[in-house]
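In case you want the letters, here they are:
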Amino acid sequence: MKNQTSVKYFYLLPSFGDSNNKSFISTLFFIIYLVGVLVNSSIITVIYLDAQLHKPMYLFICNLSIVDIFFTSVTVPKLLYMLLSGNHIVSFSQCYTQLYFFIAVGSAEDILLFVMAYDRYVAICRPLHYLQILSQRNCTLITIGIWAGAFVNSSILVISVLYMSSCHSNIIHQFFCDIKSLTMTSCTTMQMFFVVIGFEILIIDFIPVMGTLISYFKIFFIIFRMKSKESRKKAFSTCSSHITVISIYCGTSLAYYLIPAYSDILDSFLNLVFAAVTPTINPIIYSLQNSNVQSALLGLVR
């Protein structure tokens, strides 16, 4: 942060922050967080323990569960503390640390969802080369690349945000520090920030989304050419959970970041779905629509 910054801390004030039902809201968020952590942890555990699930598809599902645990852990515990203690003050270091890890896990999920689409493309369109293209070595390198790219992207974005000076207001109308809210507090030119954001949208958002769309265009082209109805049904079932997850995730994130800020309540709702609810329901979608995961979970319970 530049020296001319006139405020020394941020005050997080979500639309439900001054509600009289803080105990109910705290309980609701705690349940959401607990369910998300438990279900995602269960997915990770069964994939690790079941040798039949040691395949590229389930490796990426496991990584998605890890990302989702971090997603909710970055935001919800701090929110619970604010609701229960009534202390909504966040220092600069706390705010930008939270922003750094939130961008990192968000970037990791963006890239990972594209990799999962590519995995389905190879499995359906090039099944004979599946184990060669997505070998254990290649999957390991892909996983390392996902996390390395996510943290590098987060570092660049946070550094560009640090060059902005916050003097318009120190009140952030969200339940965590996010880029959209921080830009509203700036009173300096943000040319460098917008240049960085442009490259970030192109590399981390636009290219993965276009790659995902192209992958599914080719997948559906192959599926519709299958003569067997049973084969078409089986091929589509392997993609349905991923399509559901990516639709919810991309839909809420795009709605929040692209819609102009004219309603704090709407922004808080979209951010809540994007940052807290979606990571919780992702593993539920996969466990409900994937028979192998269902069998492994039942085996773990027994």
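Further up the page is the structure itself.
Rules behind the numbers
Residues numbered from 1 in each chain as written. Predicted model: local features only at pLDDT ≥ 70, side-chain atom pairs only at ≥ 80, totals over all residues. Heavy atoms only, no water. Salt bridge = Lys/Arg side-chain N within 4 Å of Asp/Glu carboxyl O. Buried < 20%, exposed > 50% of the residue type's maximum accessible area, 1.4 Å probe, protein only. Helix = DSSP H or I, 4+ residues; strand = E, 2+ residues; numbered from the N terminus. Expected span 1.5 Å × (residues − 1). Pairing = 2+ DSSP bridges.

> Mind showing me how you'd approach the pattern of salt bridges here?
Side-chain pairing between opposite charges can occur once the charged atoms of the two side chains come close. Counted according to the given criterion, the structure contains 1 salt bridge. Note that Asp119 is salt-bridged to Arg120, the shortest N-O span being 2.8 Å. By relative accessible area, Asp119 is classed as buried at 2%. Overall, the relative accessible area of 7% leaves Arg120 in the buried class.

> Is there a simple way to think about helix H5 (residues 136–162) in this case?
An α-helix turns once per 3.6 residues; consequently, residues spaced three or four apart project the same way. Over its 27 residues, H5 extends 39 Å from the first C-alpha to the last, a length consistent with the 39 Å expected when each residue adds 1.5 Å. Within H5, the full set of buried residues consists of Cys139, Thr143, Ile146, Trp147, Ala150, Asn153, Ser154, Leu157, Val158, Ser160 and Val161.

> Mind showing me how you'd approach the pairing of strand S1 (residues 9–12) here?
Moving residue by residue along a regular strand, the side chains alternate between the two faces of the sheet. Of the two faces of S1, the one holding Phe10 and Leu12 is buried and the one holding Tyr9 and Tyr11 is not buried anywhere. In this structure, S1 lies alongside strand S2 (residues 89–91), joined through 3 bridges in antiparallel fashion. Bridge pairing in S2 places Tyr9 opposite Ser91. In this structure, S1 lies alongside strand S3 (residues 171–172), joined through 2 bridges in parallel fashion. Among the inter-strand pairings, Tyr11 is bridged to a residue of S3, identified as Ile171.

> Can you help me understand the environment of Phe221 in this one?
Inspection of the secondary structure assignment puts Phe221 in helix H7 (residues 191–225). By relative accessible area, which is 45% here, Phe221 ends up partly exposed. Between the alpha carbons of Phe221 and Ala235 there is a distance of 12 Å; along the sequence they are 14 residues apart.

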